[in-house]
Amino acid sequence: MRNMSEDTSEDTFPDVRWGRDPGPVVMRSITAIIGTKFGAWCIRKLTPVDHELLRGSNGRFTIFGPIGAPLLLLTTTGRKSGQRRQIPLTYLREGDRLFLLGSNFGQAAHPAWSSNLLADPNAWVTMGGKEIPVVATQLTGAEHDRIFRKFADYAGNYDAYRGRTDRDLRVFALTRR
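Rules behind the numbers
- Residues numbered from 1 in each chain as written.
- Predicted model: local features only at pLDDT ≥ 70, side-chain atom pairs only at ≥ 80, totals over all residues.
- Heavy atoms only, no water.
- Helix = DSSP H or I, 4+ residues; strand = E, 2+ residues; numbered from the N terminus.
- Contact = heavy atoms within 4.5 Å.
- Areas by Shrake-Rupley, 256 points an atom, 1.4 Å probe, with all protein chains shown as cover.
- Pairing = 2+ DSSP bridges.
- Axes fitted to C-alpha atoms, helices over the stretch in contact; angles between N-to-C directions.
- Buried < 20%, exposed > 50% of the residue type's maximum accessible area, 1.4 Å probe, protein only.
- Lys, Arg positive; Asp, Glu negative; His and termini not counted.
- Salt bridge = Lys/Arg side-chain N within 4 Å of Asp/Glu carboxyl O.
- Polar contact = N/O pair within 3.5 Å; in protein donor to acceptor, adjacent residues only side chain to side chain.

J.: I'm lost on the overall build of the chain in this one. Help?
T.: The helix and strand inventory of the chain stands at five helices and seven strands. In sequence order, the chain lays out its α and β elements as α-α-β-β-β-β-α-β-β-α-α-β. Once local pairs closer than 6 in sequence are excluded, the contacts in the chain between residues at least 24 apart make up 68%. As presented, the chain carries roughly 9000 Å² of accessible surface, and 54% of it is formed by carbon and sulfur atoms.

J.: Please clarify how the sheet that holds strand β5 (residues 122-127) should be interpreted in this entry.
T.: In a beta sheet, neighbouring strands are held together by backbone hydrogen bonds and run either parallel or antiparallel to one another. Reading across the sheet, the seven strands line up as β2-β1-β5-β6-β7-β4-β3 and stay open at both edges, with antiparallel pairing between neighbours. Each edge of the open sheet is held by one strand with a lone partner, namely β2 (84-90) and β3 (92-94). Averaged over all adjacent pairs, the angle separating strand axes in this sheet is 35 degrees, with direction ignored. Each of β1 (71-77), β2, β4 (97-102), β5, β6 (130-138) and β7 (170-176) touches helix α3 (residues 112-119); the most contacted strand, β7, lies at about 60 degrees to it. Along the sheet, helix α4 (residues 141-154) contacts β2, β3, β4 and β7; its crossing angle with β4, the most-contacted strand, is approximately 80 degrees.

J.: Please explain the side chain of R167 as it appears in this structure.
T.: Tracing the backbone through its elements, the reader meets R167 in the loop between α5 (157-163) and β7. This buried residue, R167, is left without a salt bridge; D168 holds the nearest opposite charge, at 7.8 Å. Among the polar contacts made by the side chain of R167, one reaches the main-chain carbonyl oxygen of G102 at a distance of 3.1 Å. Every residue in contact with R167, bar those within four places of it in the chain, is listed here: G102, S103, N104, Q107, A108, A109, H110 and P111.

J.: Whenever I open this one, the pattern of salt bridges confuses me. Can you help?
T.: Two side chains with opposite charge may pair up if their charged atoms get near one another. All told, the structure shown has nine salt bridges when counted by the stated rule. The partner of R149 in a salt bridge is D159, and the shortest N-O contact between them spans 2.9 Å. Of this pair, R149 sits in helix α4 while D159 sits in helix α5; the two residues are ten residues apart in sequence, bridging distant segments of the chain. Residue R149 is classed as partly exposed on the basis of its relative accessible area, which comes to 35%. One salt-bridge network, in which partners are shared between bridges, spans E94, R97, E143, R146 and K150.

Written as structure tokens, this is what we have:
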């Protein structure tokens, strides 16, 4: 495990990915398993454990860290309850933006966090021990397709999830607010 380095700039997000990139061959193998219904079920069952580890470490550590999976804690405001809701999610980074994909493991319904962002785009991400206020923008058209492709190229399970549902998988860009 390598030490985490944190970018202290207020314009960027901290670099907190730990572990190391397993490389394309290992990543394809991992995501091939995760892309199956059984693999997705296993990940859904591990998510609460990972959530507790992420929460307890203020977004510093994750059970998926050793394989280099970039994870953050997203906190949204529940569109029905008005209460803060928190969930660990894989993200991709490009410049000063983070991207999230609402795959929900290819299930029929959109993930609740994505509907919460549509209702109130002001949210928070916890990374590297810091809670950072963000604003979410749903991507459409060519930018949606480009970012989806980046997720699918990173981890092939996203193509499997998209093939499992009739809904359009929502993609969001997060920027600091």
